[in-house]
Amino acid sequence: MNTKQEKLEAFGRLLDIMDDLREKCPWDQKQTLESLRHLTLEETYELSDAILQNDLQEIKKELGDVLLHLVFYAKIGSEKESFDIADVINSLNEKLIFRHPHIYGDTEVKDEEEVKQNWEKLKLKEGNKSILGGVPKSLPSLVKAYRIQDKVKGIGFEFHDAEDAWKKVDEEIREFHAETDLDKKEQELGDVFFSLINYARISGINPDSALERTNFKFISRFQKMEHLASEQNLKLADLSLEEMDVLWEQAKQLQ
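Residues numbered from 1 in each chain as written. Predicted model: local features only at pLDDT ≥ 70, side-chain atom pairs only at ≥ 80, totals over all residues. Heavy atoms only, no water.

Under an unreviewed UniProt entry, the name given to the protein chain is Nucleoside triphosphate pyrophosphohydrolase, and the source organism is Chryseobacterium shandongense. Per UniProt, the protein chain carries the Sequence similarities (unreviewed entry) text "Belongs to the nucleoside triphosphate pyrophosphohydrolase family." (UniProt positions renumbered as here; feature names shortened; annotations may be inferred.)

Printed below as a string of structure tokens:
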């Protein structure tokens, strides 16, 4: 692994390259905070995919892409004479020190949960008016639900255990099945999802990761099914559901 000095030199080289690109490259010159936003989201999701696949080399590559965007934003901030990368890092350093009084102060904690509870309380001291104020509005719904639940847990608003959480899932499913009005049924389905996400979180399962792995598995199995159909000179669209199910089971056995 690289020494600290080598890491600092690599980061300095990146800053120099960013300066060059901003000065000399027509594409980089045109970029704004707004134009980079959707690209940053795309890079973040690509990093997420690499993490779920546990592909360390791809993770390294995608981390580089995300880091480039962070440096790019800071470069634009400096051009606006608002902030530069040192301001970004110093602000982060100060926040981390403030929110870890058990490391940089005399606060004592017994476990991870107390650390998280202190974190949320300190955020309120920083001026946040609500525990949920820091949850981004643009987060995907599943991730947002998880973050909401995790944050309110920080002040003790939490089921005692997973069994209690599952009782809530059962209750919401019954209410969903009992509802006949479509609009109200949609609301009840939302409650089912929210309670199921809560159960998963309390059980130590990340529901977003679980669902994404199922998406990967389904895509892989369906594409295998398409391959099997092609080998047999069959078109899936011409098959009955029962015939497709036979191919599905064959694909499942081959995975």
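Student: How would you sum up the overall build of the protein chain? Please name residues and give values.
Tutor: Assigned secondary structure in the protein chain consists of 12 helices and 0 strands. The linear arrangement of helices and strands in the protein chain, starting from the amino end, is α-α-α-α-α-α-α-α-α-α-α-α. The C-alpha radius of gyration computed for the protein chain amounts to 24 Å, which surpasses the reference 18 Å derived for 255 residues by more than 25%, pointing to a less compact arrangement than a globule. Across its three principal axes, the protein chain shows a C-alpha extent of roughly 65 × 50 × 40 Å. Counting only residues that meet the buried cut, the protein chain has 22% of its 255 residues in that class. Partitioning the contacts of the protein chain with sequence separation of at least 6, the portion at a separation of at least 24 is 53%. Accessible surface computed for the protein chain: about 18200 Å², of which carbon and sulfur atoms make up 55%. In the protein chain, 36 positive and 53 negative side-chain charges are present, and the distance between their average locations comes to 3 Å. (Helix = DSSP H or I, 4+ residues; strand = E, 2+ residues; numbered from the N terminus. Rg over C-alpha atoms; globule rule 2.2 N^0.38 Å. Buried < 20%, exposed > 50% of the residue type's maximum accessible area, 1.4 Å probe, protein only. Contact = heavy atoms within 4.5 Å. Areas by Shrake-Rupley, 256 points an atom, 1.4 Å probe, with all protein chains shown as cover. Lys, Arg positive; Asp, Glu negative; His and termini not counted. Charge placed at Lys NZ, Arg CZ, Asp CG, Glu CD.)

Student: Quick one: what's the story with the UniProt feature "domain: NTP pyrophosphohydrolase MazG-like" (unreviewed entry) in the protein chain, residue by residue and with numbers?
Tutor: UniProt's entry tags residues 31–103 with the feature "domain: NTP pyrophosphohydrolase MazG-like" (unreviewed entry), counted in the numbering of this structure. Along residues 31–103 one finds 84% helix and 0% strand; the C-alpha atoms at either end are 40 Å apart.

Student: Before we move on, can you summarise the pattern of salt bridges with the specific residues and values?
Tutor: For the structure on display, the rule yields 11 salt bridges. Residues Glu-172 and Lys-168 are paired through a salt bridge, measuring 3.3 Å at the closest nitrogen-oxygen approach. Of this pair, Glu-172 and Lys-168 both sit in helix H9 (residues 162–178), 4 residues apart, which is roughly one turn of the helix. Residues participating in the shared-partner salt-bridge network are Glu-58, Lys-61, Glu-62 and Asp-65. (Salt bridge = Lys/Arg side-chain N within 4 Å of Asp/Glu carboxyl O.)

Student: Just give me the short version of helix H11 (residues 207–231), but keep the residues and values in it.
Tutor: Given a rise of 1.5 Å per residue, 25 residues ought to cover 36 Å, and the 36 Å separating the end C-alpha atoms of H11 matches this to within 8%. What H11 keeps buried is the set Pro-207, Ser-209, Arg-221, Met-225, Leu-228 and Ala-229. On its buried side, H11 packs onto helix H3 (33–52), helix H8 (141–153), helix H10 (182–202) and helix H12 (241–254). Residue Asn-206 occupies the N-cap position of H11, its side-chain oxygen lying 3.0 Å from the main-chain nitrogen of Asp-208. After H11 finishes, the residue Asn-233 shows a positive phi value of roughly 55°. (Expected span 1.5 Å × (residues − 1). Polar contact = N/O pair within 3.5 Å; in protein donor to acceptor, adjacent residues only side chain to side chain.)

Student: Tell me about the side chain of Ser-195, residues and numbers included.
Tutor: For Ser-195, the location among the structural elements is in helix H10. Judged by relative accessible area, Ser-195 falls into the buried class, the value being 5%. Beyond its immediate sequence surroundings of up to four residues, Ser-195 is in contact with Lys-168, Val-169 and Glu-172.

Student: Summarise the packing of aromatic side chains; cite the residues concerned and give the values.
Tutor: Enumeration according to the criterion identifies 3 aromatic pairs in this entry. Through pairs of rings, three or more aromatic residues link up here, namely Phe-218, Phe-222 and Trp-248. Looking at Lys-185, its charged tip hangs above the ring of Phe-176, at a distance of 4.2 Å from the centre. (Phe/Tyr/Trp six-rings, centres within 6.5 Å; stacked < 30°, edge-to-face > 60°. Lys NZ or Arg CZ within 6 Å of the ring centre and 35° of its normal.)

Student: How would you explain the side chain of Thr-40 if you had to name every residue and give the values?
Tutor: Within the secondary structure layout, Thr-40 lies in helix H3. Taking the relative accessible area as the measure of exposure, Thr-40 reaches 14% and is therefore buried. A polar contact is formed between the side chain of Thr-40 and the side chain of His-69, at a distance of 2.7 Å. Apart from residues lying up to four places away in sequence, Thr-40 is in contact with His-69 and Tyr-73.

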